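# Survey of secondary and tertiary structure
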Amino acid sequence: MQNIQEQTIFRKNCQSVDFESINVHLKEKGYWVVTVSGQKPEADMKVELIPMIYDQQPEYWGIALRGQQRVDDVLASDDSFQAKLPLSGCKGVKGIEIIGSTKREKVDIVCASNKTSI
């Protein structure tokens, strides 16, 4: 087992958010993107994917799903969200782990020469 120090980036007025689905796909330019979707606890919340910080590459790179109350005057009426994050620089040896408020889900990402699979 690796001894890895990790830190999450917490922002003011942030809270952890759960998710319903995860989709990881390879873009035409050769980089991976993760899209996470679900329902926001509050309609006026902005939801983001926040990668953990590690001192060495972990087996699965943790990516936290965080929601923050919007401070602008935009009135949101949609409770659903879709958060995207390019995975350049935040992909573990085996893949990623999405961390929500009540669950975590690991996604294997394998790249070998011209073969790519999830």
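The present account deals with the structure reproduced in this document. Because the structure is predicted, anything quoted here is derived from the model rather than measured.

## Comments concerning the pairing of strand β10 (residues 104–108)
By the bridge criterion, 5 bridges tie strand β9 (residues 95–99) to β10 in an arrangement that is antiparallel. By the bridge assignment, Gly95 is partnered in β10 with Asp108. Joining the antiparallel neighbours β9 and β10 is a turn of 4 residues.

## Let's talk about the pairing of strand β4 (residues 32–39)
Within β4, 7 of the 8 residues are buried, which leaves the element mostly enclosed by the surrounding structure. Examined bridge by bridge, strand β3 (residues 21–26) and β4 share 6 bridges and lie antiparallel to one another. Residue Asn23 lies in a different strand from β4, and its bridge partner there is Thr35. Counted between consecutive antiparallel strands, the loop separating β3 from β4 contains 5 residues, among which Gly30 sits at a positive phi close to 90 degrees. Where β4 lies against strand β8 (residues 80–86), 7 bridges are found, and the strand directions are antiparallel. Across the sheet, Gln39 pairs through a bridge with Ser80, a residue of β8.

Calculation criteria
- Residues numbered from 1 in each chain as written.
- Predicted model: local features only at pLDDT ≥ 70, side-chain atom pairs only at ≥ 80, totals over all residues.
- Heavy atoms only, no water.
- Pairing = 2+ DSSP bridges.
- Helix = DSSP H or I, 4+ residues; strand = E, 2+ residues; numbered from the N terminus.
- Buried < 20%, exposed > 50% of the residue type's maximum accessible area, 1.4 Å probe, protein only.

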